[in-house]
Amino acid sequence: MSQSKNIIVTGAGGLIGPMLSKRLLNDGYNVIMTDIVEPVVPKGVKNPENATCLKGDICDPAFVKTLLDAAQPLHAIFIFHGIMSAGSEANFDLSLKVNIDSVRNLLMALRQSNPGVRVVYSSSQAVYGQPLPPVVTDSVTPTPEGTYGSHKFSTEIIVNDMHRKGFIDGFIVRFPTLVVRPGKPSNAASSFLSGMIREPMNGQVCVLPLKDRAFKSYICSPSGTIENLVRVLHLPSDALPKHIRHINFPGISASVQELMDGLAKYGGEDKLKLLQEETNPELERILRSWPQDFDPSTPDRLGLVRDNRTEDLVKEYIDSLSS
């Protein structure tokens, strides 16, 4: 490895991991990409030789030691691995193992190997549950209604306390739903929000799990998310209180109809024929437990970027298909 700073990205075989790794490599960092599947160095990066790909089970302490040894001296770690919302609901024990136990054990190993290291932990708006105000502020207490949100919030509390104790230098980023996610559908309850754009543009049918075009979700673009993650990497530690380390990432409160309008505008009216609306009671229950809008005061104060219009997120994806 070169003499530039080393950063670990877990869950680097997912969506955000490779996108962030590409940005970090282009910015001159050494990036250690790890996942349960073999991570792949993103195409078109400036410094592919600065990437190290490590396949392994983050739940295995022996692999965690191998990972941390390979990343010394460690500058920062982004923790992105996890079991998604519908997957967690379907398998409580696997979610407990991956979304709580593996992160806790990783943080404890970091406490020993790299005390005070910058940790950026990816959480989710799923930590919230009803009843909720129309616009969620930082003062709203999380009351998750699903296994995924419950386990994410449990880990948030660990991150908060370990930061307060000086064991790590932690930030928690609560992601909105990323739209449009490239690639294949995930096992997230919100997967259809990307699928309803991505699948029709690929000539495939997408099933929407609820029949309510006025239903709103809090969504953000992949590009804005990557930019904000880099900005969090550079935030001063005292940008947040010692025991309150979460940032609700900024997004847009967007309706199903607005996404359909964006698809028609940039993808063509004919694509709407590939959308099927079929009620899925369990997925709809999870979706309706989540917030529909957030107060952006904190991310604004911290200098994070915000998306402007729902249709811009659709256009960003459709434009990417021809680039």
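Just so you know, these numbers come straight off a predicted model, no measurement behind them.

**Student:** Explanation requested: the overall build of the chain in the structure shown.
**Tutor:** Scanning the chain from N- to C-terminus turns up eleven helices and twelve strands. Reported as C-alpha extents along the three principal axes, the dimensions of the chain are approximately 55 × 45 × 40 Å. The burial tally for the chain puts 53% of its 323 residues in the buried class. The contacts in the chain between residues at least 6 apart in sequence include a share of 73% that link residues at least 24 apart. Here the chain has roughly 13700 Å² of accessible surface; of this, 52% comes from carbon and sulfur atoms. Taking the 33 positively charged and 35 negatively charged side chains of the chain as two groups, their mean positions are separated by 4 Å.

**Student:** What's the story with the UniProt feature "domain: NAD-dependent epimerase/dehydratase" (unreviewed entry) in the chain in this structure? I'm lost.
**Tutor:** As annotated in UniProt, the feature "domain: NAD-dependent epimerase/dehydratase" (unreviewed entry) corresponds to residues 7-206 in the numbering used here. With 38% helix and 19% strand, residues 7-206 has end C-alpha atoms that lie 37 Å from one another.

**Student:** Is there a simple way to explain the packing of aromatic side chains in this structure?
**Tutor:** Aromatic ring pairs: the centre-centre distance and the angle between the two ring planes describe each pair. For the structure on display, the rule yields five aromatic pairs. An angle of 65° between the planes, with centres 5.7 Å apart, marks the rings of Tyr128 and Phe294 as edge-to-face. Of this pair, Tyr128 sits in the loop between β5 (118-124) and α5 (147-164) while Phe294 sits in the loop between α9 (281-289) and α10 (297-301); the two residues are 166 residues apart in sequence, bridging distant segments of the chain. Put simply, the rings of Phe78, Phe80, Phe175 and Phe249 pair up and form one aromatic cluster. Over the ring of Phe167 we find Arg111; its NZ or CZ atom is 3.8 Å from the centre of that ring. Positioned above the aromatic ring of Phe171 is the side chain of Arg245, whose terminal nitrogen or guanidinium carbon lies 4.5 Å from the ring centre.

**Student:** Even after reading the chapter, I still don't get the sheet that holds strand β9 (residues 216-220), so can you show me in this structure?
**Tutor:** Whether parallel or antiparallel, the strands of a sheet pair through hydrogen bonds between backbone atoms. The strand order β7-β9-β11 describes an open sheet built from three strands, whose pairing is mixed. The open sheet has two edge strands with one neighbour each: β7 (177-178) and β11 (252-255). Pairing geometry for β9 and β11, over four bridges, is antiparallel. Across the sheet, the residue bridging to Lys216 is Ser255, located in β11.

**Student:** What should I look at first to understand the packing of helix α4 (residues 92-113) against α5 in this one?
**Tutor:** What describes two packed helices is the angle between their axes and the distance between those same axes. Axis separation between α4 and α5 bottoms out at 9 Å; the angle between their running directions is 10°. If you check the angle between α4 and α5, you find them roughly parallel. For the crossing formed where α4 meets α5, the hand is right-handed. Between α4, through Phe92, Ser95, Leu96, Asn99, Ile100, Val103, Arg104, Leu107, Met108 and Arg111, and α5, the contact on the second element is made entirely by Thr147, Tyr148, His151, Ser154, Thr155, Ile158, Val159 and Met162. Residues of the contact of α4 with α5, tallied by class, amount to ten nonpolar, six polar and two charged.

**Student:** Would you explain unusual backbone geometry in this entry?
**Tutor:** Glycine aside, the phi torsion of most residues is negative, and most peptide linkages are trans. The amide bond that connects Gln72 to the next residue, Pro73, takes the cis arrangement and shows omega of -10°. A cis geometry characterises the amide bond from Gln130 onward to Pro131, with omega recorded as 0°. Position of Pro131 relative to the elements: it lies in the loop between β5 and α5.

**Student:** Help me out: how do you make sense of the pairing of strand β1 (residues 6-10) in this one?
**Tutor:** The two faces of the sheet receive side chains in turn, since in a regular strand these alternate between them. The buried fraction of β1 amounts to five of the five residues, a majority that puts the element mostly inside the structure. Here β1 shows no split at all, with Asn6, Ile8 and Thr10 on one side and Ile7 and Val9 on the other all buried. Alignment of β1 against strand β2 (residues 30-35), held across five bridges, turns out to be parallel. Bridging from a neighbouring strand, Ile7 pairs with Val31 of β2. Once you follow β1 into helix α1 (residues 16-26) and on to β2, the crossover reads as right-handed. One ladder, built from four bridges, connects β1 with strand β4 (residues 74-79); its direction is parallel. Along β4, the bridge assignment pairs Val9 with Phe78.

What counts as what
Residues numbered from 1 in each chain as written. Predicted model: local features only at pLDDT ≥ 70, side-chain atom pairs only at ≥ 80, totals over all residues. Heavy atoms only, no water. Helix = DSSP H or I, 4+ residues; strand = E, 2+ residues; numbered from the N terminus. Buried < 20%, exposed > 50% of the residue type's maximum accessible area, 1.4 Å probe, protein only. Contact = heavy atoms within 4.5 Å. Areas by Shrake-Rupley, 256 points an atom, 1.4 Å probe, with all protein chains shown as cover. Lys, Arg positive; Asp, Glu negative; His and termini not counted. Charge placed at Lys NZ, Arg CZ, Asp CG, Glu CD. UniProt positions renumbered as here; feature names shortened; annotations may be inferred. Phe/Tyr/Trp six-rings, centres within 6.5 Å; stacked < 30°, edge-to-face > 60°. Lys NZ or Arg CZ within 6 Å of the ring centre and 35° of its normal. Pairing = 2+ DSSP bridges. Axes fitted to C-alpha atoms, helices over the stretch in contact; angles between N-to-C directions. Parallel < 35°, antiparallel > 145°, perpendicular 65-115°, else oblique. Left-handed = near helix turned anticlockwise from the far one by under 90°. Nonpolar A, V, L, I, M, F, W, Y, C, P; charged D, E, K, R; others polar. Right-handed = clockwise from strand over helix to strand, strands pointing away.

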